[in-house]
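# Close look at the chain arrangement
Chain by chain, the residues:
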Amino acid sequence: MDRVRFQWQSIWRTVGEHFTWVGSHKNLHVVTYAIDSLRQLAAKFLEKEERKSFSYQKMFLRPFETIMLNNLTSRQKEIKEYVVMCIAALCQQKAKYIRSGWEVILNIFTLAAQDTEAHLAAQSFQALDYAVTNHFGLLEESFPELVNCLSKFSMNPQQSAKALSLLKVCARRLSTSQIVEDYVEGQGRAVHQRDVEHMSRGAPAYGIQSQFQKSVARQVPGSTKAKNEGKPSEATGSAEAIQLSVLKELWFPILRSYTGLMMEKSDQISAAALSALESTLEEHHPHFSEELWREIFSQVLLPVLDDIRIQVDQAIKRGGSERANGLASTLRRLLGSMNSFLCRT
């Protein structure tokens, strides 16, 4: 364990592949022994400080994720159970040492959240709740993975309420911590370029594409509509444009987690999601710029109104009056909230 990191990186390429292969063996005893050996190595390795801009932990923990993926449909559910148990234990016992390894841990918890075995989701969520509550600062570098993980847990009836509560914690930290600034500095230009390419391919509904093309024209000196129309800008973007793209990258997954749950058949989950959306926008709307509000309305709120309207029409055609009435109630409440926000912005 005292070897320098570069030596470990070279060694682990081979050792990690071996653990991955053995971790998918047909013999359960062999698999269990391999995962336990991997756990012991990981426990020791995580205690070694990981320097900024390095990701050795992520590489070291990756075999756990690959083993989990390889056994998602396996009849030997004990393999998944043991992987989740090991990762949950590492999360709770070694949390203060974990840096880049959070990305892999959150990916494993995300897989567990979608598994048919309810106890896997319960065990994973307990460890995730502990990490978010006690070590949120360490999770900030893996913020998108954290939001995605909580979004999956929010779809489980047993964890939905608590997951929505933790998503609101994420929103609060997004407004008060250095997450946005750090992303602008580290990934801002790449995020903006992805946003430019995505918006250039977007459907022209709600005026999204026309608004985008106007903003591109403002950002590129000497540009013309004919020159920029229908293709992404080659410009790197102004500081304001990069900031807006990063805000969308970080805020939209949280807001879309709420709007996605509003379509759930469970009235309790749907109502809780709508309340979470309203309270999040109510709490943080003073920090939103006019440009960000425009993007939230055009890319999050207006599309979900269309989705709900379509679901209402389909429910009526199928004779599901109870479902149609529930969705219509959600639609009216959301329209009222949107009108309230429009009057104040």
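Look above for the structure.
Rules and cut-offs
- Residues numbered from 1 in each chain as written.
- Predicted model: local features only at pLDDT ≥ 70, side-chain atom pairs only at ≥ 80, totals over all residues.
- Heavy atoms only, no water.
- 1 Å grid on protein atoms, 1.4 Å probe; cavity = no way out; pocket = protein on both sides within 12 Å on 5 of 7 lines; lining within 4 Å.
- Points joined across faces, edges and corners; volume = space filled by probe spheres on them.
- Helix = DSSP H or I, 4+ residues; strand = E, 2+ residues; numbered from the N terminus.
- Nonpolar A, V, L, I, M, F, W, Y, C, P; charged D, E, K, R; others polar.
- Phe/Tyr/Trp six-rings, centres within 6.5 Å; stacked < 30°, edge-to-face > 60°.
- Buried < 20%, exposed > 50% of the residue type's maximum accessible area, 1.4 Å probe, protein only.
- Salt bridge = Lys/Arg side-chain N within 4 Å of Asp/Glu carboxyl O.
- Axes fitted to C-alpha atoms, helices over the stretch in contact; angles between N-to-C directions.
- Parallel < 35°, antiparallel > 145°, perpendicular 65-115°, else oblique.
- Left-handed = near helix turned anticlockwise from the far one by under 90°.
- Contact = heavy atoms within 4.5 Å.

### A word on empty space enclosed by the protein
Per the stated rule, a full pass over the model turns up two cavities of 30 Å³ or more. Quantified by volume, the second largest cavity comes out at close to 30 Å³. L277, E278, L281, L301, L334, S337, M338 and F341 are the residues that line the second largest cavity. Elements with a minimum of two residues in the lining of the second largest cavity: helix 13 (267-284) and helix 15 (321-344). Among the elements that make up the lining of the second largest cavity, the one with the highest residue count is helix 15 (four residues). For the lining of the second largest cavity, a count of residues per class yields six nonpolar, one polar and one charged.

### Here's the deal with the packing of aromatic side chains
On inspection of all chains with the given rule, the structure shows eight aromatic pairs. Between W293 and F297 the ring centres are 5.5 Å apart and the planes differ by 45 degrees, which places this aromatic pair in the tilted class. Here the residue W293 and the residue F297 both occupy positions in helix 14 (residues 290-317), the gap between them amounting to four residues, near one helical turn. Residue class for W293 comes out buried when judged on its relative accessible area of 5%. Counting every residue linked through ring pairs, the aromatic cluster contains W251, F288, W293, F297 and F341.

### Description of the pattern of salt bridges
Counting across every chain of the model gives 14 salt bridges. As a salt-bridge pair, R194 and E249 come within 2.8 Å of each other at their nearest N and O atoms. Pair noted here: R194 is in helix 9 (residues 179-201) and E249 is in helix 12 (residues 239-261), with a separation of 55 residues, a long-range link. Salt-bridge contacts for R309 lead to D306; the nearest nitrogen and oxygen are separated by 3.5 Å. Of this pair, R309 and D306 both sit in helix 14, three residues apart, which is roughly one turn of the helix.

### With respect to the environment of L305
Locating L305 in the fold gives a position in helix 14. For L305, a relative accessible area of 12% puts it in the buried group.

### As for the packing of helix 2 (residues 28-46) against helix 4 (residues 77-93)
Put simply, helix 2 and helix 4 touch, their axes get as near as 10 Å, and they point 10 degrees apart. The orientation of helix 2 relative to helix 4 falls into the category roughly parallel. Like other packed secondary-structure pairs, helix 2 and helix 4 cross with a definite hand, here right-handed. Contacts from L28, V31, T32, I35, D36, R39, A42, A43 and L46 in helix 2 reach E78, I79, Y82, V83, C86 and L90 in helix 4. A class-by-class count of the residues in the contact of helix 2 with helix 4 yields eleven nonpolar, one polar and three charged.

Keep in mind these numbers describe shape, not what the thing actually does.
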